Amino acid sequence: MTALLVLNNLAKRLPGDPQRWLFRDASLNIAPTDFVAIMGESGVGKSTLLNIIAGLDRPDAGHMTFQGQALDTLDDDARTLLRRRHMGFVFQAFHLIPQLTVEENIALPWRLNALPRREMQQRVNLLAKRLGISGHLAAWPRELSGGEMQRVAVARAVVHRPSLILADEPTGSLDAESAKTVLSLLREAGEEEGAAVLLVTHSVTAAGWAQRRLRFDAQGFRSL
Ligand SMILES: Nc1ncnc2c1ncn2[C@@H]1O[C@H](COP(=O)(O)OP(=O)(O)O)[C@@H](O)[C@H]1O
Ligand SMILES: [Mg+2]
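Think of each chain on its own: its residues are numbered from 1, step by step along the sequence as written. Here every chain gets a letter starting at A, and every ligand a number starting at 1, in the order they are written. It should be noted that, the model being predicted, local features are given only for residues of pLDDT at least 70 and side-chain atom pairs only at 80 or more, the latter also being counted only at that level, while totals for whole chains, interfaces and linings use all residues. Excluding hydrogens and water, the side-chain values take into account all heavy atoms of the structure.

Quick notes on the UniProt feature "domain: ABC transporter" (unreviewed entry) in the chain
UniProt positions are given in the numbering used here, feature names are shortened, and annotations may be inferred rather than shown by experiment. According to UniProt, the positions carrying the feature "domain: ABC transporter" (unreviewed entry) are residues 5-224. Across residues 5-224, the secondary structure splits into 37% helix and 28% strand, with the terminal C-alpha atoms separated by 20 Å. Strands are runs of DSSP state E lasting at least two residues, helices are runs of H or I lasting at least four, and both sets are numbered from the N terminus onward.

Here it is as structure tokens:
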């Protein structure tokens, strides 16, 4: 199967100390529908790596292709469009938009991609119901608990049926039951909608939901 995402010897210097490398030689092949868990110590650069994959940050060395296209050759506008349409990102700090309601936050990728309006409400309602946040659709992000914000962030990352979901510790603020709901939703996105999932997690239980588990450190990836 053709790879969805290929990372070839990606490297990043330490933002505060450019003489030193944060990580080097990060190489990875992600097939469509792969569900990969990435584990590693705090500060090794997992969030930085997801940002690089999403085009929110740039590597200092190495190459990446997504859907067969070399990402290094795209300018910022092209990267933004690619990310908007084909990627979903659950940020570690959620990054909900404070001026939008929960419902508007979830629907944002749908609107930005100008997907059919008549299906939007149904899709948002379905995800909110699955994630147990239906009662909060009219609320503002600041009115939510951390666990509720995290589930809104998950709904927003999957609403537009991206081909790659980048989930940065998406169960870190959740109790066991909600974590299970989020992980089964991510797994379904792969099985039913053909998405690949990159799950960064500290939880061995969460990593157990993935098809394969990798350890990430300054030397790149190793299979677990
Ligand atoms: N914008 C930044 N400026 C300075 N240092 C940063 C910045 N972003 C990340 N770092 C540093 O880079 C390292 C990797 O961070 P991060 O990618 O968040 O790691 P992880 O997600 O694995 O915990 C850490 O040492 C962090 O302090
Ligand atoms: Mg992180």
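Things to note about the packing of helix α4 (residues 117-131) against helix α6 (residues 176-193)
Every axis in this analysis is a line fitted to C-alpha atoms, fitted for helices over the stretch in contact. Angles between the N-to-C directions lie between 0 and 180 degrees. Put simply, α4 and α6 touch, their axes get as near as 10 Å, and they point 140 degrees apart. Between α4 and α6, the crossing angle belongs to the class labelled oblique. Where α4 approaches α6, its residues Arg123, Leu127, Arg130 and Leu131 are matched on the opposing element by Thr181, Val182, Ser184, Leu185, Glu188 and Glu193. Three residue categories are used. Nonpolar comprises Ala, Val, Leu, Ile, Met, Phe, Trp, Tyr, Cys and Pro, charged comprises Asp, Glu, Lys and Arg, and polar comprises the others, including Gly. Its residues placed into classes, the contact of α4 with α6 shows four nonpolar, two polar and four charged. When describing relative orientation, an angle under 35 degrees is termed roughly parallel and one over 145 degrees roughly antiparallel, while 65 to 115 degrees is termed roughly perpendicular and anything else oblique. Residue contacts are counted whenever heavy atoms from the two residues lie within 4.5 Å of one another.

Structural notes on the pattern of salt bridges
Oppositely charged side chains may form a pair once their charged atoms are brought near each other. Here, a salt bridge means any Lys or Arg side-chain nitrogen found within 4 Å of an Asp or Glu carboxyl oxygen. Scanning all chains against the criterion turns up 10 salt bridges. Across the salt bridge formed by Asp17 and Arg20, the nearest N and O atoms sit 3.4 Å from each other. The closest approach of N and O atoms between Arg222 and Asp217, which form a salt bridge, is 3.2 Å. In the salt-bridge network here, residues are joined through shared partners; they are Arg123, Arg161 and Glu193.

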